[in-house]
Amino acid sequence: NNEIVNLSKGKTATASSYTAASEAPEKAIDGITSTKWCATSGSVENQAYALSGAQHFVKIDLGSTKTFNTYTLYNTSSKEGFGNTTEWEVLVSKDGKEWKSVDYQVNQNDAISSFNIGSQTARYIVFKIFNSDNGGVGTVRLYELQLYNR
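Computed from a prediction, not measured in an experiment: that's the story for all the values here.

What counts, and where the lines are drawn
Residues numbered from 1 in each chain as written. Predicted model: local features only at pLDDT ≥ 70, side-chain atom pairs only at ≥ 80, totals over all residues. Heavy atoms only, no water. Phe/Tyr/Trp six-rings, centres within 6.5 Å; stacked < 30°, edge-to-face > 60°. Lys NZ or Arg CZ within 6 Å of the ring centre and 35° of its normal. Helix = DSSP H or I, 4+ residues; strand = E, 2+ residues; numbered from the N terminus. Buried < 20%, exposed > 50% of the residue type's maximum accessible area, 1.4 Å probe, protein only. Lys, Arg positive; Asp, Glu negative; His and termini not counted. Salt bridge = Lys/Arg side-chain N within 4 Å of Asp/Glu carboxyl O. Polar contact = N/O pair within 3.5 Å; in protein donor to acceptor, adjacent residues only side chain to side chain. Contact = heavy atoms within 4.5 Å. Pairing = 2+ DSSP bridges. Core = buried A, V, L, I, M, F, W, Y, C linked by side-chain atoms within 4.5 Å.

Glancing now at the packing of aromatic side chains. Counted according to the given criterion, the structure contains 5 aromatic pairs. Of note, R141 hangs over the ring of F82, and the distance from its end group to the ring centre comes to 3.9 Å. Note that R150 overlies the ring of Y148, its terminal NZ or CZ placed 4.3 Å from the centroid.

Structure follows, in C-alpha cells:
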C-alpha cells in the first residue's frame, strides 16, 4: 500500500486564538480545503510567543510520534483575495517541551506550497506565524496544514 496519508488530518489543533467556532484551529487540519482557521490581529495571549515577535501560532498534536518530511500549506489566496501568510517558522517536538526549528519561510506568497523539511520524528508541530497577511492588519487565514512522509 503506497498511499500517501495526510498525517495531520483529524488530529488535535490548538492556537493562539480564533475568531469563531466555525474558524477554530482544527479547521486547518480537517482535510477540507474550503474551511479555515482564522484569527484576528494582536491576539497572541501566550507571552512566550508574543515576545518572540509571532503574530499567531497553531500547534498540532498528532496523538503519537510520527515520521514525516513534507508539509503543505493552503494559504489565504487559495480561496480568497486577502493577503497570504508570508513568514513563518515550523518547530517539532516529541514531548511538547523540547522544540527543534525545522523550517523558516519568509516572503513566501504562494497560494499552495509544499516544503521538504527532511525526515522528522515528532508528536507535536507548531507553526509560528510572523507575517500573517502580507503586511495587512494581521489576520491569519489558513485553509489547510498537511503533513506527509513522501
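What follows is about the side chain of D133. Along the polypeptide, D133 turns up in the loop between β6 (112–131) and β7 (140–142). An unpaired buried charge is present at D133: no salt bridge exists, and R141, the closest side chain of opposite charge, is 4.9 Å distant. At 2.9 Å, the side chain of D133 forms a polar contact with the backbone nitrogen of G138. A polar contact of 3.1 Å, which involves the side chain of D133, links it to the backbone nitrogen of T139. With near-sequence residues (within four places) excluded, D133 lies in contact with G83, N84, T85, G138 and T139.

As a further point, take the pairing of strand β5 (residues 100–105). Alignment of strand β4 (residues 87–93) against β5, held across 5 bridges, turns out to be antiparallel. Bridged to E89 within β5 is Y104. The hairpin formed by β4 and β5 contains 6 residues between the paired strands, and G96 there has a positive phi angle of roughly 80°.

Membership of the largest hydrophobic core comes to 26 residues, with the highest contact counts inside it found for W37, F68, Y71, W88, I125, F127 and L145. Sorting the residues of this core by element identifies β2 (37–39), β3 (56–74), β4, β6, β7 and β8 (144–148) as the ones contributing at least two each. Once residues lying within four places of it in the same chain are set aside, the contact partners of Y71 are W88, V90, D103, Q105, S113, S114, F115, I117, F127, Q146 and L147.

Attention shifts here to the pattern of salt bridges. Across all of its chains, the model carries 3 salt bridges by this definition. Here E23 and K36 are joined by a salt bridge, their closest N and O atoms 3.1 Å apart. A residue pair is termed long-range when its members are at least 10 positions apart, and E23 in the loop between β1 (12–15) and β2 and K36 in the loop between β1 and β2 qualify at 13 residues. With a relative accessible area of 19%, E23 lands in the buried category. The salt bridge partner of R123 is D61, with a shortest N-O separation of 2.7 Å. With a gap of 62 residues between them, R123 in strand β6 and D61 in strand β3 connect regions that are remote in the sequence.

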